[in-house]
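Per-entry structural report
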Amino acid sequence: MTTILRLPKDTSELTIPDLLLRNVQDHADLPALTWYARRGRTTLTWAQVRHRIAELAAGLDALGVTPGAHVLLMMGNRPEHWLTDLALVHLGAVPVSVYGTAAPDQLAHIARHSRARIAVVGGAEERARWESLMAPGGEILGGIRQLVVVDEDAVGPHLAWQALARPYQPDRFEETWRRVCSADPVTVVYTSGTMGDPKGVVISHRNVVLNGVALDGVTELPDHADHICYLPFAHIAERMLGIYLPVLRASHVHLCDDPANVAALVRELHPAEFFGVPRVWEKLAAAVRTGLEGLPAERRAAVAEAAKAARAHVRCRERGIPPGPGLAAAYEKARDEVLRPLLEPAGFDRLVWTASASAPMPREVLDFWAGLGIVIMDAWGLTETTGALTLNGPAAFRLGSVGRPLDGTEIRTAQDGEILVRGTTLFAGYLRADGSVEQGTDADGWFATGDIGRIDEDGFLWLTGRKKEMIVTSTGKKVSPALVENALKEHPLVGQALVHGDGRSYLVALLVLDGETAPAWAARNGIDVPPGELPAHPAVRAEIDRAVAAANARLNRTEQVRRYRLLDGEWTAATGELTPSLKLRRKVILSRYLEVIDGLYGDHV
């Protein structure tokens, strides 16, 4: 827990503007927000941040933004997004961040459903996307009348973001934000729409503050820690980690507008904390493995020996057993002489808190990082739970689980294994098209999450899969695809996997080679072909055969994969197979590869 949290009133009554004022009163000159451009880095202190927010709020007020109004934001991880979001909150308005990869029909749905009249967008590319949806009368989408564009001067009827800020009246600014209540919406987050139209999840100030305080009670971070903000603000995880938690903790946000630059930023900052969805940790692990394989044999042996000590040390911590003197000394030596020097060039040598969420993490990935002395604290939650609802922490964790419930929350499982939750961080409800809010819980306050899992005797939650994604074979057996996919991905060559078998007599899989590991593996094995030809190479196929056989050996008969197809080309959010939070869009993939899947069954349906 951080030691700097002076809370100006009862936590259940706090708003984000309350906390921002506290930051100016207590930490005015500390860095709050940094971003990077060709001309260098720019940093604002907490006092400067609040001044900018007040100027933007005055401009938005003049533009006609009123309390309760929804405003769409589509700008990526950049200061204009962060500052505009908080300016809207100080007006009592509701910022709605939109994924930059959203399809036109999703943009249209969100615009109409939210009843937004203003959209703030990044530049010419985003402006063109919105203009392409303009109605004959000049109105964009479902009622949006004003585009504010960041990277351009005024274009036609559109307003330049730089012209938005204006001198403000302090008395009016202070009076306006003080009318905001903790029960008011701080945002609406639209789900990624993997199972249909995105739903608007209404999140209140009270939700984010109570969730932040509960998270802060589990984590162990230094005061004013750096946070690298690179996941989309349209996802609840980055809204909590990149906006609300930094305001609560008075920490320092580093905006990274291009995820490809994250590794370089980590190398520069050597942060104390880092969050990544499972696919991010998988790709980082693949990159580290590739680097390890290039080391001299003697150095690789030293790393392997250090990894044994690190994993043994983690197992003791996991069981709550103090490591013996011999193990403690071996781990300290391994950490100081091998692991930290190994991690230092990558910027991971000072990490004290690493976490993941969004989907189950493959156990092999957790074990790999544990061997480097990095324990990834897996968490679980949904947009509807304001992000993390269960969490592993340094004082109590189980690798492979998603932790215990945070303070103020409860979990239980229904007869079919569906996880039900109740507590203070549950959302206000789903936004209706008429502006009203539909309650999402039952009469007793329980919310059915759609996730399947079990709770062990120590209170740790273990995920099995999504209820709607469960495979039911032709023999009536139920299989969690995520369980099988993670087993397949335990081999480093397998970067992505999708398992299918609904209504069939056995399972098949679509597999994608890991883009980092496969070329290095090929070079090490004397295979000199372009990356696009690797899936067809006999040696690669033989290795994948062994990977599938190894996964099947750990699965029961119903869960085993009978046939597979190795595809070329990685699945990405840009190509549509992944959500912006890097989860599989199963319907999209199954539709695109329908003939391939049918071919895997052939005459054996």
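In the block above lies the structure referred to throughout.
Read on for an overview of the structure. Since the model is a prediction, treat every value here as computed from it, not as a measurement. (Residues numbered from 1 in each chain as written. Predicted model: local features only at pLDDT ≥ 70, side-chain atom pairs only at ≥ 80, totals over all residues. Heavy atoms only, no water.)

Core analysis: the biggest nonpolar cluster contains 121 residues, and I16, V49, W82, V120, F274, F348 and W369 have the highest contact counts within it. Residues within four places of F274 in sequence aside, it is in contact with Y230, V262, V266, V280, W281, L284, F348, L351, W353, T354 and A355. By size, the runner-up hydrophobic cluster in this structure holds 27 residues, among which are V479, A509, V548 and A551. (Core = buried A, V, L, I, M, F, W, Y, C linked by side-chain atoms within 4.5 Å. Buried < 20%, exposed > 50% of the residue type's maximum accessible area, 1.4 Å probe, protein only. Contact = heavy atoms within 4.5 Å.)

To continue, consider the pairing of strand β9 (residues 200-204). Among the 5 residues that make up β9, 5 are buried, leaving the element largely enclosed by the rest of the structure. Of the two faces of β9, the one holding G200, V202 and S204 and the one holding V201 and I203 are both buried throughout. Relative to β9, strand β8 (residues 185-190) is paired through 5 bridges, and the arrangement is antiparallel. Its bridge partner lying in β9, T187 is registered against I203. Taken together, the 2 bridges between β9 and strand β19 (residues 429-431) define a ladder with antiparallel strand orientation. Among the inter-strand pairings, V202 is bridged to a residue of β19, identified as G429. (Helix = DSSP H or I, 4+ residues; strand = E, 2+ residues; numbered from the N terminus. Pairing = 2+ DSSP bridges.)

Note that E543 resides in helix α16 (residues 538-553). E543 gets classed as buried once you look at its relative accessible area, which sits at 16%. Other than its neighbours up to four places away in sequence, E543 contacts H491, L493 and W521.

Phi angles above zero are rare outside glycine, and R115 is one such case at about 60°. Secondary-structure assignment places R115 in the loop between α4 (104-114) and β5 (118-121). One non-glycine residue, T386, lies in the positive phi region at around 60°. For T386, the position within the fold is in the loop between β14 (376-382) and β15 (387-391).

For the coordinates displayed, the defined rule picks out 13 aromatic pairs. Seen in terms of ring centroids, F274 and F348 are 5.6 Å apart; in terms of plane orientation they differ by 50°. Their pairing is tilted. With F274 in strand β12 (residues 273-275) and F348 in the loop between α12 (325-343) and β13 (353-356), this pair connects stretches of sequence that are 74 residues apart. In terms of burial, F274 and F348 fall into one category: buried. Plain terms: the ring middles of F427 and Y430 are 4.8 Å apart, the flat faces sit at 65° to each other, and that makes the pair edge-to-face. Of the two residues, F427 and Y430, neither departs from the other in class, the shared state being buried. Over the face of the ring belonging to F368 we find R289, whose NZ or CZ atom lies 4.5 Å from the ring centre. R412 extends its terminal NZ or CZ atom over the ring of W446, reaching a point 4.5 Å from the ring centre. (Phe/Tyr/Trp six-rings, centres within 6.5 Å; stacked < 30°, edge-to-face > 60°. Lys NZ or Arg CZ within 6 Å of the ring centre and 35° of its normal.)

At a closest axis distance of 9 Å, the pairing of helix α1 (residues 16-27) and helix α3 (residues 79-90) adopts a crossing angle of 115°. When the interaxial angle is binned, α1 and α3 end up roughly perpendicular. Residue-level contacts link I16, P17 and L20 of α1 to L86, V89 and H90 of α3. Per-class residue counts for the contact of α1 with α3 are 5 nonpolar, 1 polar and no charged. (Axes fitted to C-alpha atoms, helices over the stretch in contact; angles between N-to-C directions. Parallel < 35°, antiparallel > 145°, perpendicular 65-115°, else oblique. Nonpolar A, V, L, I, M, F, W, Y, C, P; charged D, E, K, R; others polar.)

Pairing in this open sheet of 5 strands is mixed, and the strands run β12-β13-β14-β15-β16 from one edge to the other. Taken across any chain shown, the strands that pair with only one partner, and hence form the sheet edges, are β12 and β16 (404-405). When β13 meets β14, the two strands line up parallel, connected through 3 bridges. Its bridge partner lying in β14, S356 is registered against D378.

Taking strand neighbours across the sheet as the criterion, the 5 strands line up as β4-β3-β5-β6-β7 in an open arrangement whose pairing is parallel. The sheet terminates laterally at β4 (94-97) and β7 (159-160), the two strands that pair on one side only. Examined bridge by bridge, strand β3 (residues 70-74) and β4 share 4 bridges and lie parallel to one another. Paired with L72 across the bridge in β4 is V96.

With that settled, consider helix α14 (residues 481-488). Burial within α14 is extensive, with 7 of its 8 residues counted as buried. P481, A482, V484, E485, N486, A487 and L488 are the residues of α14 that are buried.

Now for helix α8 (residues 236-249). Residues three or four positions apart in an α-helix share a direction because the helix packs 3.6 residues into each turn. At I243, α8 shows its maximal kink, close to 25°; a proline, P246, follows between one and four residues later. Most of α8 is tucked away, with 14 of its 14 residues classed as buried. Taken from the residues just after α8, A250 is the one with a positive phi, measuring 55°. (Bend = angle between axes of the 7 residues up to and from the residue.)

All right, on to the pattern of salt bridges then. The full count for this structure, using the stated rule, is 33 salt bridges. Across the pair R127 and E131 runs a salt bridge, and its minimum N-O distance is 3.1 Å. Of this pair, R127 and E131 both sit in helix α5 (residues 124-131), 4 residues apart, which is roughly one turn of that helix. It is possible to trace a salt-bridge network through shared partners that takes in R279, E282, K283, K489 and E570. (Salt bridge = Lys/Arg side-chain N within 4 Å of Asp/Glu carboxyl O.)

The sheet contact formed by strand β10 (residues 226-229) and strand β11 (residues 252-255) spans 4 bridges and is parallel. The residue of β11 that forms the bridge with D226 is H252. Between β10 and its parallel partner β11, the chain crosses via α8, and the hand of that crossover is right-handed. (Right-handed = clockwise from strand over helix to strand, strands pointing away.)

Let's shift gears to the environment of E13. Turning to its location among the elements, E13 is positioned in the segment before α1. Between the C-alpha atom of E13 and that of R206, which follows or precedes it by 193 residues, the distance is 6.8 Å. Excluding residues that lie within four positions of it along the chain, E13 makes contacts with D18, S182 and R206.

The next point concerns the packing of helix α10 (residues 278-293) against helix α13 (residues 363-370). One can describe the packing of α10 onto α13 by two numbers: an axis separation of 10 Å at closest approach and a directional angle of 50°. In terms of orientation, α10 lies oblique with respect to α13. Where α10 crosses over α13, the two elements pack in a sense that is left-handed. Where α10 approaches α13, its residues W281, E282, L284, A285, V288, R289 and L292 are matched on the opposing element by E364, V365, F368 and W369. Among the residues forming the contact of α10 with α13, the class breakdown is 8 nonpolar, no polar and 3 charged. (Left-handed = near helix turned anticlockwise from the far one by under 90°.)

Any link to function would need more than the numbers given here.
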